[in-house]
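This is what each chain is made of:
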Amino acid sequence: MSVQMAPSVLSADFARLADAAAAVAETADWLHVDVMDNHFVPNLTIGRPVVEALRKSTSLPLDCHLMIDDPDRWAVGYAEAGAANVTFHAEAAHDVVQTARAIRAAGARVGLGLKPATSFDDYQDVLREFDMLLVMTVEPGFGGQEFMADMMPKVVQARRFLRDNEMQLWIQVDGGVAAETIEECARAGADVFVAGSAVYGAHDPAKAVAALRALAEAAIPTSGCAHD
Ligand code: DX5
Ligand code: ZN
């Protein structure tokens, strides 16, 4: 699986989201869309109507990161709205497997998000239901926070588990990913990189994505690894 770059529009101008998508269209793989409900996290962003509008205004696949309570009820709506990927949080779901299956049945890929305090061990048994594991590298809720390097052992553990069990999930990191931190994420085993402030805070967002990709690709281990 090759490197996927997913700039987060959380750090873009919310009044000009179509322009934010266009600004990275040449160099990004996916557009990361942070959905927050002011319950699961102490912040409120956007919901399904905005995802539907974005879907019509960019050809970039939408990578929806749901930081919401009760994804069992709401997540499938984002697949129906045209998201390519729908990631929900393990901590918020009542039935992780059923929710994953509903998202896939609606035609999207599905990701499982883990907050920093959530252990990987508790979710090994359900990973076959997923296309991606999201290891949060900040406490979810806000952009521009400091990268948590102490999440790297979780990424290493997950990559090793996937390799040992011949599973092909992507491992996504989200939070504080920037030129100073992306290489250690890649070395640990991540292959999907979300970056908000490092992209939209840059003078040229498309160039920032390309530069981050180059750093990640150069840092990804080449031998005995599942990144092909
Ligand atoms: C935070 C969001 C992130 C956020 C990352 O809860 O999930 O996607 O946009 O922002 P940066 O890259 O600025 O840490
Ligand atoms: Zn996110």
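Shown above is the structure to which this text applies.
I will try to describe carefully the structure that is included in this document. (Residues numbered from 1 in each chain as written. Chains lettered and ligands numbered in written order. Predicted model: local features only at pLDDT ≥ 70, side-chain atom pairs only at ≥ 80, totals over all residues. Heavy atoms only, no water.)

**Some thoughts on the site of ligand 1**
Residues in contact with ligand 1 amount to 19 residues; listed here are only the nearest, Ser8, Gly141, Asp174, Gly196 and Ser197. Here an oxygen atom of ligand 1 sits 2.8 Å away from a polar atom, N or O, in the side chain of Ser8. Separating an oxygen atom of ligand 1 from a side-chain N or O atom of Ser197 is a distance of 2.5 Å. Contact with the protein chains hides 100% of the accessible area of ligand 1, taken as 380 Å² for the molecule alone. Put simply, ligand 1 lies in the largest pocket. Looking at the shell around ligand 1, the elements with two or more residues in it are β2 (31–36), β3 (62–67) and β8 (192–195). Considering only residue class, the shell around ligand 1 consists of seven nonpolar, 10 polar and two charged. (Near = heavy atom within 4 Å. Polar contact = N/O pair within 3.5 Å; in protein donor to acceptor, adjacent residues only side chain to side chain. Areas by Shrake-Rupley, 256 points an atom, 1.4 Å probe, with all protein chains shown as cover. 1 Å grid on protein atoms, 1.4 Å probe; cavity = no way out; pocket = protein on both sides within 12 Å on 5 of 7 lines; lining within 4 Å. Sits in = over half its atoms within 2 Å of the grid points. Helix = DSSP H or I, 4+ residues; strand = E, 2+ residues; numbered from the N terminus. Nonpolar A, V, L, I, M, F, W, Y, C, P; charged D, E, K, R; others polar.)

**Topic: the sheet that holds strand β7 (residues 170–174)**
Through backbone hydrogen bonds, the strands of a sheet pair up, either in parallel or in antiparallel fashion. Strands sit in the order β1-β8-β7-β6-β5-β4-β3-β2 across an open sheet of eight strands; the sheet is parallel. Unpaired on one side and paired on the other, β1 (4–7) and β2 mark the two borders of the sheet. Neighbour to neighbour, the strand axes of the sheet diverge by 20 degrees on average, direction disregarded. Taken together, the five bridges between strand β4 (residues 85–89) and strand β5 (residues 109–114) define a ladder with parallel strand orientation. Directly across from Thr87, in β5, lies its bridge partner Gly111. (Pairing = 2+ DSSP bridges. Axes fitted to C-alpha atoms, helices over the stretch in contact; angles between N-to-C directions.)

**A few points about the coordination of the zinc ion (ligand 2)**
Surrounding the zinc ion (ligand 2) are the protein donor atoms His32 (NE2), Asp34 (OD), His65 (ND1) and Asp174 (OD), at 2.1 to 2.2 Å. His32 gets classed as buried once you look at its relative accessible area, which sits at 0%. (Donors = N, O, S within 2.8 Å, 3.2 Å for Na, K, Ca; no water. Buried < 20%, exposed > 50% of the residue type's maximum accessible area, 1.4 Å probe, protein only.)

**Looking at helix α8 (residues 205–219)**
Compared with an ideal rise of 1.5 Å per residue, which puts 15 residues at 21 Å, α8 spans 21 Å between its outermost C-alpha atoms and is within 8% of the ideal. Of all the residues in α8, the buried ones are Pro205, Ala206, Ala208, Val209, Leu212, Arg213, Ala216 and Ala219. Within α8, the buried residues cover an arc of 155 degrees as seen down the axis, which keeps them to one side. Exposed side of α8, more than 90 degrees from the buried face: Lys207 and Ala218 are the residues found there. Next to the buried residues of α8 lie β1, α1 (17–24), α6 (182–188), β8 and α7 (197–200). N-cap assignment for α8: the residue whose side-chain oxygen lies 3.2 Å from the backbone N of Ala206 is Asp204. (Expected span 1.5 Å × (residues − 1). Arc of directions from axis to C-beta. Contact = heavy atoms within 4.5 Å.)

**A look at the pattern of salt bridges**
Evaluation of the coordinates by the stated rule reveals seven salt bridges. Across the pair Asp29 and Arg213 runs a salt bridge whose closest N-O atoms are separated by 3.0 Å. Highlighted residues: Asp29 in the loop between α1 and β2 and Arg213 in helix α8, separated in sequence by 184 residues. Given a relative accessible area of 17%, Arg213 falls into the buried group. Here the salt bridges do not stand alone but share partners, grouping Arg48, Glu52 and Glu80 into one network. (Salt bridge = Lys/Arg side-chain N within 4 Å of Asp/Glu carboxyl O.)

**Some words on the environment of Ala75**
Mapping Ala75 onto the fold places it in helix α3 (residues 71–80). For the pair Ala75 and Ala100, spaced 25 residues apart in sequence, the C-alpha to C-alpha distance is 8.9 Å.

**Observations concerning helix α4 (residues 96–105)**
Those residues of α4 not exposed but buried are Val96, Thr99, Ala100 and Ile103. Summarising the axial view, the buried residues of α4 lie within an arc of 100 degrees, below the 170-degree limit, and thus occupy one face. When the buried face of α4 is taken as reference, the exposed residues oriented beyond 90 degrees from it are Gln98 and Ala105. Structurally, α4 contributes buried residues whose contacts are with α3, β4 and β5. Where α4 begins, one side-chain oxygen reaches toward the backbone nitrogen of Val97, 3.3 Å away; that side chain belongs to Asp95. Note on α4: the residue one or two positions beyond its end, Gly107, has a positive phi of about 100 degrees.

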